[in-house]
Amino acid sequence: MTILETVYTPVGSYAPDFELPGIDNQVHHLSRYLEKFRAVGVIFMCNHCPYVSLYLDRLKNIQAEFAANSFTLIGMNGSDATKRPMESFDNMKAFAQHHQLNFPYLWDSTQDVTRSFGASKTPMAFLIDSNGIVRYKGQIDNYPQEPSSVREDYLRNAIACLFKNQAINISETEPVGTSLIWRN
């Protein structure tokens, strides 16, 4: 058995750059997003995760709320499609269309980018400023079940603080969700 290394990308360090295919049949580069946007939220997600399903509307709302401020979310699927065919590129396209995603959805078929970020669960959020620095990572908010029960909007608050040049009070939380499906 081969042990694959996962890199832990701490808050305050540079996010790993990437070059990945999107469901729009374009190649996406983090560096190009950072040239265009004031901040980028990378959300590790997948098609089969019930937690992702619970968060899709909240993610689309965050995208809609902050898009005018030069912000974008990027969904990234790093789950192994050989073990779970539902995670294939074609199924990602169908998933995005069915759920009417309003942000790019990228495929990390090698899992290299997912490992570089240190993602462990879906969904897991990374907020990256225009300099490429990770400013927040972890949960989207503190309650995955019912949006009306949310008490802490971790990602939304981090984005708002970043745009106001304020300190992000809670810069890291423990992700809650489904464990990523790793290739052996």
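As shown above, the structure is provided for reference.
Quick caveat: nothing in here was measured; it's all calculated off a predicted structure.

We now examine the packing of aromatic side chains. We describe a pair of aromatic rings using the distance from one ring centre to the other and the angle between the two ring planes. For the structure on display, the rule yields 8 aromatic pairs. Ring plane angle 80° and centroid distance 5.7 Å describe the contact between phenylalanine 44 and phenylalanine 126, whose orientation is recorded as edge-to-face. With phenylalanine 44 in strand β3 (residues 39-44) and phenylalanine 126 in strand β7 (residues 124-129), this residue pair connects regions lying 82 residues apart in the sequence. Each of the two residues, phenylalanine 44 as well as phenylalanine 126, counts as buried. When the ring of phenylalanine 66 is compared with that of phenylalanine 71, the centres are 6.0 Å apart and the planes differ by 70°; the resulting orientation is edge-to-face. For the pair phenylalanine 66 and phenylalanine 71, one class covers both residues: buried. Put simply, the rings of Phe44, Phe117 and Phe126 touch in pairs and so form one group of aromatic residues. Positioned over the ring face of tyrosine 55 is arginine 58, at 4.3 Å from the centre of the ring.

The subject of this paragraph is the pattern of salt bridges. Summed over all chains, the structure comprises 6 salt bridges. A salt bridge links arginine 135 to aspartate 129; the shortest N-O distance between them is 3.4 Å. Residue arginine 135 is classed as partly exposed on the basis of its relative accessible area, which comes to 26%. The partner of arginine 156 in a salt bridge is aspartate 153, and the shortest N-O contact between them spans 3.5 Å. A network of salt bridges, in which partner residues are shared, links Glu65, Asp153 and Arg156.

It is worth spelling out the environment of tyrosine 55 at this point. Position of tyrosine 55 among the secondary structure elements: in helix α2 (residues 50-66). You can call tyrosine 55 buried: its relative accessible area is 3%. Considering only alpha carbons, one finds tyrosine 55 and lysine 36, 19 residues apart in sequence, at a separation of 26 Å.

Take the packing of α2 against helix α5 (residues 154-163) next. Running from N to C, α2 and α5 point in directions that differ by 15°, and their axes come no closer than 11 Å. In terms of orientation, α2 and α5 fall into the roughly parallel class. Seen from above, α2 lies across α5 with right-handed handedness. Here Arg58, Asn61, Ile62, Glu65 and Phe66 of α2 come into contact with α5, specifically with Leu155, Arg156, Ile159, Ala160 and Phe163. A breakdown of the residues in the contact of α2 with α5 according to their chemical character gives 6 nonpolar, 1 polar and 3 charged.

On to the sheet that holds strand β8 (residues 134-138), then. Taken in spatial order, the 5 strands line up as β5-β4-β3-β7-β8 in an open sheet, and their pairing is mixed. Since the sheet does not close on itself, it has two edges, and those belong to β5 (105-107) and β8, each with one partner. Averaged over all adjacent pairs, the angle separating strand axes in this sheet is 20°, with direction ignored. In the packing of α2 onto the sheet, contacts are made with β3 and β4 (71-77), and the angle to β4 comes to roughly 150°. Sitting on the sheet, helix α3 (residues 89-99) touches β4 and β5, and the angle it makes with β5 is about 170°.

The rules behind the values
Residues numbered from 1 in each chain as written. Predicted model: local features only at pLDDT ≥ 70, side-chain atom pairs only at ≥ 80, totals over all residues. Heavy atoms only, no water. Phe/Tyr/Trp six-rings, centres within 6.5 Å; stacked < 30°, edge-to-face > 60°. Helix = DSSP H or I, 4+ residues; strand = E, 2+ residues; numbered from the N terminus. Buried < 20%, exposed > 50% of the residue type's maximum accessible area, 1.4 Å probe, protein only. Lys NZ or Arg CZ within 6 Å of the ring centre and 35° of its normal. Salt bridge = Lys/Arg side-chain N within 4 Å of Asp/Glu carboxyl O. Axes fitted to C-alpha atoms, helices over the stretch in contact; angles between N-to-C directions. Parallel < 35°, antiparallel > 145°, perpendicular 65-115°, else oblique. Left-handed = near helix turned anticlockwise from the far one by under 90°. Contact = heavy atoms within 4.5 Å. Nonpolar A, V, L, I, M, F, W, Y, C, P; charged D, E, K, R; others polar. Pairing = 2+ DSSP bridges.

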